[in-house]
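Structure at a glance
Each chain is listed here by its residues.
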Amino acid sequence: MAEVHVIGQVTGGEGFTDASIFCKWSLQLGGGWRVVEGLSEGQTQADKSQSGEKVTWSHPIDLHLSTRGIQGWPRLLIQVYRQDDFGRIDLCGYGVLHIPSRPGHHTVTCPTWRPTGTLTEELRRAFLGGGPQLLSAEFMHSALERYRLHTVPSGVVHLELGILLRNFEKHGIMY
Amino acid sequence: MLRSLDSGSYKPVVIQFDCRRWFLETGHLDRMDNPINDKIFHHLPSDCEAALEPLTAFIEPKYGEELLTSHMEDGGTLDLEIKQLIFTHHPLFSSEHVLAAQLKEYYKTYTERITLNVTKVLKDRLLVLRHAYAKLLESDPRTRGFHGSVHDEIDVTQRLDIYRKEIRSCRDEYNIEAEKDRVLLTNMLRVWKDIKNLRKKNKFSCTSLKLIIKKEEVEKEEEEEERKEELRQDTKETLTELEAEYEKNLEKYKKTLATWKAAYKKKKEAKKRQEQRKSLGAEEEAEDSTLTTAQDEVLLAVPDEEKPLPPEAVDKRQVELRILDIFSRTRKPPGEPNVHLELSLNHSITKDNHCSDGEKRRRQAVSKAKISLRILINKKLVTQTPLATFNNDFTIQVNQSYRMGLSSFPQIITLEVVEGSGLRETNIAAVSLPIPSKSSFHKEKYEDIVFAGSQQVTCNHNGTGCGLANSEYGSSFTKGSVSYHLNWYIEEEAEEIQIDTQPTQSLSVPSSAMKESNQKTTVPGYERTHIDPNHPGNCELIAHLQKAAFGLVKPSNYFEIDWCEGDFCTDVELDTSVRFRVLQLRDKEEPAFKNLRLIPPVESQILRKSLEAYEEENLTGMGQEESATESHLIGIDRRWDNVERLLASLRRHMQQRYMQANLAFKVEDLVQEERIPDIGTIGTSLLSVFKPRRPLRPERKKRDQVRGTALGDQNVNLIVHIAQAFHVPVRHESSLSPGSSSSDLLERENHVRPFIEATFQRTILRTSVAEGPNPTWNQQLSFPFKAPNDNFSPASLQTVTDNIYFHLYDEVIHDMLEDDRLRESTVYHRIEKRWLGSLRIPFSTIYANSKIEGTFSLEEPVVLLGYVRDSSTSGNPTGFIQSSEHSKTGTHLSIYLTLEPTLPPPEPFKAQFESSEPEDVLSASKDWVDTLDAKFSQRHFRTHVLDLSGKLVSMNRFIRPLKPPEELISEDISETTRRVAWYVSLIPSLADMTLFPGACDIWANSEQFLTMLTGDEEEHAVLLTNFFLHLGKTAYLLVGSGIPEGQTCYVLTIEENGDQVLWNPSTAKSYSAQDSFSPLHAVYSLVNEDNIWANTQKYDDPPRVNLDVSMSGWRSFYSRSVPDPGLP
């Protein structure tokens, strides 16, 4: 019965298009994990970068998890969307990030990707918006299905996470 | 299959990692010379992949603010469509049915085989291979006498070898398939013959099956030729293969023979030596070397090996015979016509009256049998299909679809086939459906699932029964198949953007559940139904079963290391941990745990009691609790206990109802934005410079409201501005003792020295002392406001039940100095405060109105000893308060209260409420209110209010004559009126907001009010009106605005002499409608039993309002066009 605190923030992103970008994140846990306190998903505000490609969200993450074992270590599923000038929303990237398993402060980056479509779809995406999206968020992290996807890299999401572990050393987990 | 890629595949790498075999002696990596293959590979989708749905879909850009979807429900909605139920065996089957079912089964496989056409494919492949082999053989350099390079030669031999192997395996496969075809064909023909015989024997038929055999004549000679050629080729191939094998074996034999011979020879020599030694005797024993003796012994100990047998030479005759045998089994004899089978259902069934008795009874039984399907989720009955009878061929068309909303993810979905109804129903069979994963989008594809029962049934008619081991036709158990379509219902919007972030807990369930259900259903079925293991359609199932047999089944649609390796504790321990439970409950903001500050880090230090109490409360229903506690509480205690409980349950109910509305934030809650000045605001601000200045009459500036989190770090103060008091009683001349007249020098001129002491949240502040009966303080007191748990959210502020108290005292100074000589140097006073009256204002009123300004009458003791009201001195500083009779009745205090910074009052609840009132009345009410609001924006009009169940109810429904308690009724009607008003005022008052945080203004009817024993003004007023109506008075419920309550309800009675009296139901005080000092200062509407009237007069302050509703200044709601619908 160990506990993990994840305290940090989704600092921002870079390398996306220069529309308003926002990020949805959600926590994905294995079977032996429970969320004790805190929100396990969130959506940042839409930030339009003034200069360059960097957007800033500074969206707080504060989670308290309890676990039965180290299997199914939590992951963050990240989805980045852009909001164009008409207020329409479409996808910019998917990313999966393992929560660091070493206690302390971590600055982590999560590269993202998005599925590509056919040439017509890409052209439509470029001029009219929209684009191919995963039919289910499950495909983001399922090892079995990913091989069928054709993707292109998208930008990078930066996170700062502070990890506190409790009772792990009691069960012989060294870090 | 993809699924077979489980954990086993990466293990060997780890095991072999240790050694150096990865490297050559030179130290380089042991790898192929050139890993880059210049052959072009195309990633061909294999068969199973082609059927997979695409993972992505093109999504149009979407306008959306609410992209963040909350996952309130874990379950979702399941759509189950049941198409039909087909029995392949049933006790009511006649023998013909059994055969027909068999035939159908065969026919199904037959058609499947025809469409797949494996035999043909294999045959063609064999042809091609043979052709290629022959070609290669031709081009073989050796046969052509041309010597190419050594490499070429090796290559060709290798390729020939490969071809040979392939041809062999292909031929074998072809033979197997062809044999299957033959067997199937003969089986079908046999069964069909049986059916025909049976029909002939019985002289009736009870199935409509008919097998149509189409024959296609063929050229006998041609076929014979073909067959011969084939036979020749096969024989040749087999012979060469066998010969090659024979040669290999011969080689082997020679080798083994040689070794055997050598061994035999050695042994013989050893034996000879031993015998020699024995014959020589023991004398020479020592001389002979012991070594050879030992060796010989060892040699001799080895048992004699059998002499290896030479391999059998290839017997050409026998091989030919064998191939002929195979041919007779797998190929049709030459000249036999090609047969095409077709199953049709147009055979006429013999009418009942032409059948035998047994068959008649069987048919009767069939027509009586009623079958239905039950759908169970997690072993709980969800629904049952309507009862249906069999068709003649024992199929049931159900064609029903069911949509099931689930609160949690289903563990197991079971279909039960039930026969009969009521008491005589029997459960024939049950089958579990695999639960589809939420991400699958199979559209309109029916799946079949096989079920099988296990009862034994015998019939006394022609029915075959089932499960009877020794009968010809009834040996099989009841079985059949259901075709159904099960998928998750996905809303249209949800389909467009699949942002599905369910935690894996729920993800893991489908797979494990599927595993479970698959095993459960198919394993017993497998044993009985004899699934064809070679059938391509079954390969998945068979593989699954094999895995299941070895215990290898694993939910494999997500990555998972060993389930229980290295676990710290079990799931149960994790879920029952008290500390985590308490933390989770605090996070969920359960009322009992919401405000816990520190939860100890160690399990043992946590107070289990509150958690246990909470859990108990959740478990046991309200009714049980009541009966449990009734035993040890008596009288009023018990009553209050019940009231508490009732309130708690109501509160919970309300909270659940309004929770969602509270969650919705507005932009103003999050962003505080300064208004950008535009032309209008700039203009007015410029104009204000030229306004006449009135420094003596300052105006209050409007302040910005502070919302949300900005409040957290600010100190909130309650500002009380005490302006003045009127008509304070003055000390009676006679009360001043004559003896002390000399010492009261200080107060000779002023008969009273009043000051105000205010108390709020344990803070006591006071004003300075003013002089005279009409004192003016103009003093500001500031109280620090402490919110519960420093939580300044509206929800928590609403629960504040603190009051602010104002006490008016007279400060009397007694001079204690006895000696007049010391007067110059010493002051010795005793200060005494004498209570003259007080005022109480609840915080909730201040909070709801954000400021309170007005003149309030003070509650004062019934008799003020030593004080009199001096009418001569009550000179009115403000002109408009006339010194009438009423002004003499009490002391009044002018105050102004507000919160600094202003806390936002809870938003009025704007959601649409359901109502049992007719739709047209509601819309008429909306129009009525809208038109009135447009005209009189200051007044608030309503026709429908929320009752305790959260429904909109017309206000006049609350008003009905109600008999007051017997004890209150006396002879004198005015006495009774006073007593009733007093009785009502004794019921404690609590603002709705405090009572039901989050939901504003809920009206309870009189019965509920008397049960709850708390309520605010409207409940009091409703009750009082009801009592008055019973006493025969003309009484109205008056909705208006008063101080300090803000919006409030009064009762208006019209006495017999025409006097209009206003009653404040919470204080039991009555005022004449003409009284300008009454706390009511606006009249909005009047309500009685039949109608609601809105005040459309110019003024709304009571003295100037004509309170006669028949006059023109009132607009009624129910009229001829909108009649009162009466009770629904």
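Residues numbered from 1 in each chain as written. Chains lettered and ligands numbered in written order. Predicted model: local features only at pLDDT ≥ 70, side-chain atom pairs only at ≥ 80, totals over all residues. Heavy atoms only, no water.

- An unreviewed UniProt entry annotates chain B as Coiled-coil and C2 domain-containing protein 2A of Halocaridina rubra.

- Taking an unreviewed UniProt entry as the reference, chain A is identified by name as B9 domain-containing protein 2 belonging to Halocaridina rubra.

**Here we look at the overall build of chain B**
- From N to C terminus, chain B includes 26 helices and 31 strands.
- Considering only intrachain contacts with a sequence separation of at least 6, the fraction spanning at least 24 residues in chain B is 71%.
- Accessible area for chain B stands at about 68,200 Å²; split by element, carbon and sulfur atoms hold 53% of it. (Helix = DSSP H or I, 4+ residues; strand = E, 2+ residues; numbered from the N terminus. Contact = heavy atoms within 4.5 Å. Areas by Shrake-Rupley, 256 points an atom, 1.4 Å probe, with all protein chains shown as cover.)

**A look at the overall build of chain A**
- Within chain A, the secondary structure is distributed over two helices and eleven strands.
- Along chain A, helices (α) and strands (β) appear in the sequence β-β-β-β-β-β-β-β-β-α-β-α-β when read from the amino end.
- Here chain A holds 175 residues, and the buried ones make up 55% of them.
- Across chain A, contacts joining residues at least 24 apart in sequence account for 75% of those joining residues at least 6 apart. (Buried < 20%, exposed > 50% of the residue type's maximum accessible area, 1.4 Å probe, protein only.)

**Re a negative patch on the surface**
- A cluster of acidic residues, Glu219, Glu221, Glu222, Glu224, Glu225 and Glu226 of chain B, forms a negative patch on the protein surface.
- Along the polypeptide, Glu225 of chain B turns up in helix H6 (residues 220–280). (Patch = residues over 30% accessible without salt bridge, like charges linked within 9 Å, V, L, I, M, F, W, Y side chains within 5 Å. Salt bridge = Lys/Arg side-chain N within 4 Å of Asp/Glu carboxyl O. Lys, Arg positive; Asp, Glu negative; His and termini not counted. Charge placed at Lys NZ, Arg CZ, Asp CG, Glu CD.)

**So, unusual backbone geometry**
- Notably, Gln761 of chain B is not glycine yet its phi reads approximately 45 degrees, a positive angle.
- Tracing the backbone shows Gln761 of chain B in the loop between strand E15 (754–760) and strand E16 (763–766).

**Focus on helix H8 (residues 316–330) of chain B**
All names here are of chain B.
- Here H8 is 15 residues long and its end C-alpha atoms lie 21 Å apart, about the 21 Å a rise of 1.5 Å per residue gives.
- What H8 keeps buried is the set Val319, Ile323, Phe327 and Thr330. All buried residues of H8 fall inside an arc of 75 degrees around its axis, so they share one side. Away from the buried face of H8 by more than 90 degrees, exposed residues Arg317 and Gln318 are located. (Expected span 1.5 Å × (residues − 1). Arc of directions from axis to C-beta.)

**Here's the deal with the packing of H6 of chain B against H8 of chain B**
All names here are of chain B.
- As a packed pair, H6 and H8 sit with axes 10 Å apart at the nearest point and diverge in direction by 130 degrees. Put simply, H6 runs oblique to H8. Crossing of H6 against H8: the hand is right-handed. Contacts between H6 and H8 involve Arg227, Glu230, Leu231, Asp234, Thr235, Thr238, Leu239 and Leu242 from the former and Lys316, Val319, Glu320, Arg322, Ile323, Leu324, Phe327 and Ser328 from the latter.
- Of the residues assigned to the contact of H6 with H8, the class counts are seven nonpolar, three polar and six charged. (Axes fitted to C-alpha atoms, helices over the stretch in contact; angles between N-to-C directions. Parallel < 35°, antiparallel > 145°, perpendicular 65-115°, else oblique. Left-handed = near helix turned anticlockwise from the far one by under 90°. Nonpolar A, V, L, I, M, F, W, Y, C, P; charged D, E, K, R; others polar.)

**With respect to the packing of aromatic side chains**
Residues and elements named next belong to chain B.
- Applying the stated rule across the entire model yields 19 aromatic pairs over all chains.
- Chaining the aromatic ring pairs together yields one cluster made of Phe760, Phe783, Phe785, Phe843 and Tyr847.
- Directly above the ring of Phe1028 sits Lys1033, whose terminal nitrogen or CZ lies 5.9 Å from the centroid. (Phe/Tyr/Trp six-rings, centres within 6.5 Å; stacked < 30°, edge-to-face > 60°. Lys NZ or Arg CZ within 6 Å of the ring centre and 35° of its normal.)

**Describing the side chain of Thr976 of chain B**
Residue and element names in this part refer to chain B.
- Topologically, Thr976 is positioned in helix H23 (residues 973–985).
- Residue class for Thr976 comes out buried when judged on its relative accessible area of 3%.
- Excluding residues that lie within four positions of it along the chain, Thr976 makes contacts with Leu968, Ile969, Ser970 and Leu1031.

**A look at the sheet that holds strand E28 (residues 1069–1072) of chain B**
Residue and element names in this part refer to chain B.
- Reading across from one edge, E28-E27-E26-E25-E29-E30-E31 is the order of the seven strands in this open sheet, with antiparallel pairing throughout. The sheet is open, and its two edges are formed by E28 and strand E31 (1114–1116), each paired on a single side. Within the sheet, the average angular offset between the axes of one strand and its neighbour, ignoring direction, is 35 degrees.
- In this structure, strand E30 (residues 1092–1095) lies alongside E31, joined through three bridges in antiparallel fashion. Bridge pairing in E31 links Ala1094 to Arg1115.
- Where helix H26 (residues 1017–1030) meets the sheet, its contacts fall on strand E25 (1034–1042), strand E26 (1046–1054) and strand E27 (1060–1064), and the angle it forms with E26 comes to roughly 10 degrees. (Pairing = 2+ DSSP bridges.)

**Quick look at helix H22 (residues 919–935) of chain B**
- With 17 residues, H22 of chain B should reach 24 Å at 1.5 Å per residue; the first-to-last C-alpha distance of 25 Å fits that figure.
- Looking at the packing, one finds that the buried side of H22 of chain B touches strand E23 (944–946), E30 and E31 of chain B.

**Thoughts on the nonpolar core**
Residue and element names in this part refer to chain B.
- Core analysis: the biggest nonpolar cluster contains 41 residues, and Phe785, Ile804, Phe806, Ile841 and Leu893 have the highest contact counts within it.
- For this core, the secondary-structure elements that each account for two or more residues are strand E13 (717–726), E15, strand E17 (776–784), strand E18 (803–815), strand E19 (829–842), helix H21 (843–849), strand E20 (851–857) and strand E22 (892–900).
- If near-sequence neighbours (up to four positions away) are discounted, Ile804 is found in contact with Leu718, Val720, Thr759, Phe760, Phe783, Leu839, Arg840, Ile841, Ile846 and Leu897.
- Counting residues in hydrophobic clusters, the runner-up holds 40 residues, among them Val953, Met955, Ala981 and Ala1035. (Core = buried A, V, L, I, M, F, W, Y, C linked by side-chain atoms within 4.5 Å.)

**Quick look at the environment of Thr414 of chain B**
Residues and elements named next belong to chain B.
- In this fold, Thr414 is placed in strand E9 (residues 413–419).
- Remark: the alpha-carbon pair of Thr414 and Val382, spanning 32 residues in sequence, is separated by 10.0 Å.
- Apart from residues lying up to four places away in sequence, Thr414 is in contact with Arg374, Ile375, Leu376, Ala430, Val431 and Ser432.

**A word on the sheet that holds E20 of chain B**
Residues and elements named next belong to chain B.
- The four strands are arranged E17-E13-E22-E20 in an open sheet whose pairing can be described as antiparallel. Only two strands of the sheet have a single neighbouring strand rather than two, namely E17 and E20. Direction aside, neighbouring strands of the sheet carry axes that sit 15 degrees apart on average.
- Direction of pairing for E13 relative to E17: antiparallel, over a ladder of seven bridges. Paired with Ile722 across the bridge in E17 is Gln779.

**Quick look at the pattern of salt bridges**
Residues and elements named next belong to chain B.
- According to the stated counting rule, one finds 35 salt bridges over all chains in the structure shown.
- Between Arg830 and Glu832 there is a salt bridge; the shortest N-O distance is 3.0 Å.
- Through salt bridges with shared partners, one network takes in Arg130, Arg168, Arg171, Asp234, Glu237 and Glu241.

**Considerations on the environment of Glu832 of chain B**
Residue and element names in this part refer to chain B.
- Structurally, Glu832 is set in strand E19.
- It is 8.0 Å that separates the C-alpha atoms of Glu832 and Asp810, two residues lying 22 residues apart in sequence.
- What Glu832 contacts, discounting residues up to four positions off in sequence, is Asp810, Glu811, Val812 and His814.
- A polar contact is formed between the side chain of Glu832 and the side chain of His814, at a distance of 3.4 Å.
- Here Arg834 takes part through its side chain, which lies 2.8 Å from a polar atom of the side chain of Glu832. (Polar contact = N/O pair within 3.5 Å; in protein donor to acceptor, adjacent residues only side chain to side chain.)

**Points about the side chain of Glu37 of chain A**
- Position of Glu37 of chain A relative to the elements: it lies in strand E3 (residues 33–37).
- A distance of 2.7 Å separates the side chain of Glu37 of chain A from the side chain of Arg586 of chain B, its partner in a polar contact.
- The contact partners of Glu37 of chain A, leaving out residues within four places of it in the chain, are Asp62, Leu63 and His64 of chain A together with Leu583, Arg586 and Asp587 of chain B.

**Side note on the packing of H23 of chain B against H26 of chain B**
Residue and element names in this part refer to chain B.
- Put simply, H23 and H26 touch, their axes get as near as 10 Å, and they point 155 degrees apart. In terms of their interaxial angle, H23 and H26 are classed as roughly antiparallel. Of the two elements, H23 crosses H26, and the hand of that crossing is right-handed. Residues Thr977, Val980, Ala981, Tyr983 and Val984 of H23 pack against His1020, Leu1023, Leu1024, Phe1027 and Phe1028 of H26.
- The residue makeup of the contact of H23 with H26, split by class, is eight nonpolar, two polar and no charged.

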